[in-house]
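Listed below, chain by chain, are the residues.
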Amino acid sequence: ANLHKTYLKMPAETLHKKFKENPILHSEYHAERKRNFSQYDPSSIPYTQIIQKLEKITTKRVKVVVDMGCGEAPIAHHFQKKKDTRFTFHNYDHQTGGDPSIQEVDISSLPLEDNSVEIAIMSLALWGTSENHTQYIKEAYRVLESGGKFYISDSTKRWSPEQLTPENGGELLRTLLTTNGFKIINEDIGVPFCLFECAKIY
């Protein structure tokens, strides 16, 4: 948890440089995250919840998915292992960890055209400053097509007022999403994680 606390609020540009100069830090962080996840019910882990949402999608055409701050890309790997061809993934993070399916990208500026993606994902990827957070949400909005879906999951406690109640869980994230154009379709406010399913509505 110490590494997580250190990196979480570091400006994105600083963290990107830190990981680039010393890739072992990126590996150590993800090893620590795996250890932390092992303490939780597997079905409550954000990327597992997002996988369950994607599993329910029926489509005749391949949907383009951008996973912003994908970590070790567990969502893409889940579907690749099953040889599931419903989705094609763009996996972006500060470091690739040697994984050819991940691209090293600053997610505040995605190498994708406007309205070019059907689904965007952010799973525990709201790192950096409040300015960074706004940049990420705006980028997700920019690249999504009209009606495109955005699945975003993060810490409930972190994105709630200091006095957390059953009513105000995730309120700060809800506000960040709606003030940047997203319509919230569904929300699952749990402990320790919350998940919002949003749509880009013109």
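Please refer to the structure higher up on the page.
Below is a short write-up of the structure. (Residues numbered from 1 in each chain as written. Predicted model: local features only at pLDDT ≥ 70, side-chain atom pairs only at ≥ 80, totals over all residues. Heavy atoms only, no water.)

**What about the overall build of the protein chain?**
Next up, step 1: Each helix and strand in the protein chain was counted, giving 7 helices and 7 strands.
Next up, step 2: Each helix (α) and strand (β) of the protein chain, taken in turn from the N terminus, gives the series α-α-α-α-β-α-β-β-β-α-β-α-β-β.
Next up, step 3: Taking 202 residues into account, the globule formula puts the C-alpha radius of gyration at 17 Å, and the protein chain, at 16 Å, falls close to it.
Next up, step 4: Its C-alpha atoms put the protein chain at 45 × 45 × 30 Å along the principal axes.
Next up, step 5: Of all 202 residues assigned to the protein chain, the portion counted as buried reaches 49%.
Next up, step 6: By element, 52% of the accessible surface of the protein chain is carried by carbon and sulfur atoms, the whole surface being about 10,300 Å². (Helix = DSSP H or I, 4+ residues; strand = E, 2+ residues; numbered from the N terminus. Rg over C-alpha atoms; globule rule 2.2 N^0.38 Å. Buried < 20%, exposed > 50% of the residue type's maximum accessible area, 1.4 Å probe, protein only. Areas by Shrake-Rupley, 256 points an atom, 1.4 Å probe, with all protein chains shown as cover.)

**Remarks on the packing of aromatic side chains**
Next up, step 1: For the structure shown, the criterion picks out 6 aromatic pairs.
Next up, step 2: Arranged with centres 5.5 Å apart and planes meeting at 80 degrees, the rings of Y40 and F193 form a pair that is edge-to-face. Residue Y40 is found in the loop between α3 (23-37) and α4 (46-55), and its partner F193 is found in strand β7 (residues 193-200); the two are separated by 153 residues along the sequence.
Next up, step 3: With a relative accessible area of 10%, F193 lands in the buried category. (Phe/Tyr/Trp six-rings, centres within 6.5 Å; stacked < 30°, edge-to-face > 60°.)

**Details of the packing of helix α2 (residues 12-21) against α3**
Next up, step 1: Orientation of α2 relative to α3, taken along the N-to-C sense of each, is 105 degrees, at an axis distance of 4 Å. Accordingly, the angle class assigned to the pair α2 and α3 is roughly perpendicular. Taking contact as the criterion, the partners of K18, F19, K20 and E21 in α2 are, on α3, P23, L25 and H26.
Next up, step 2: Here the contact of α2 with α3 is composed, by residue class, of 3 nonpolar, 1 polar and 3 charged. (Axes fitted to C-alpha atoms, helices over the stretch in contact; angles between N-to-C directions. Parallel < 35°, antiparallel > 145°, perpendicular 65-115°, else oblique. Contact = heavy atoms within 4.5 Å. Nonpolar A, V, L, I, M, F, W, Y, C, P; charged D, E, K, R; others polar.)

None of this, on its own, says anything about what the molecule does.
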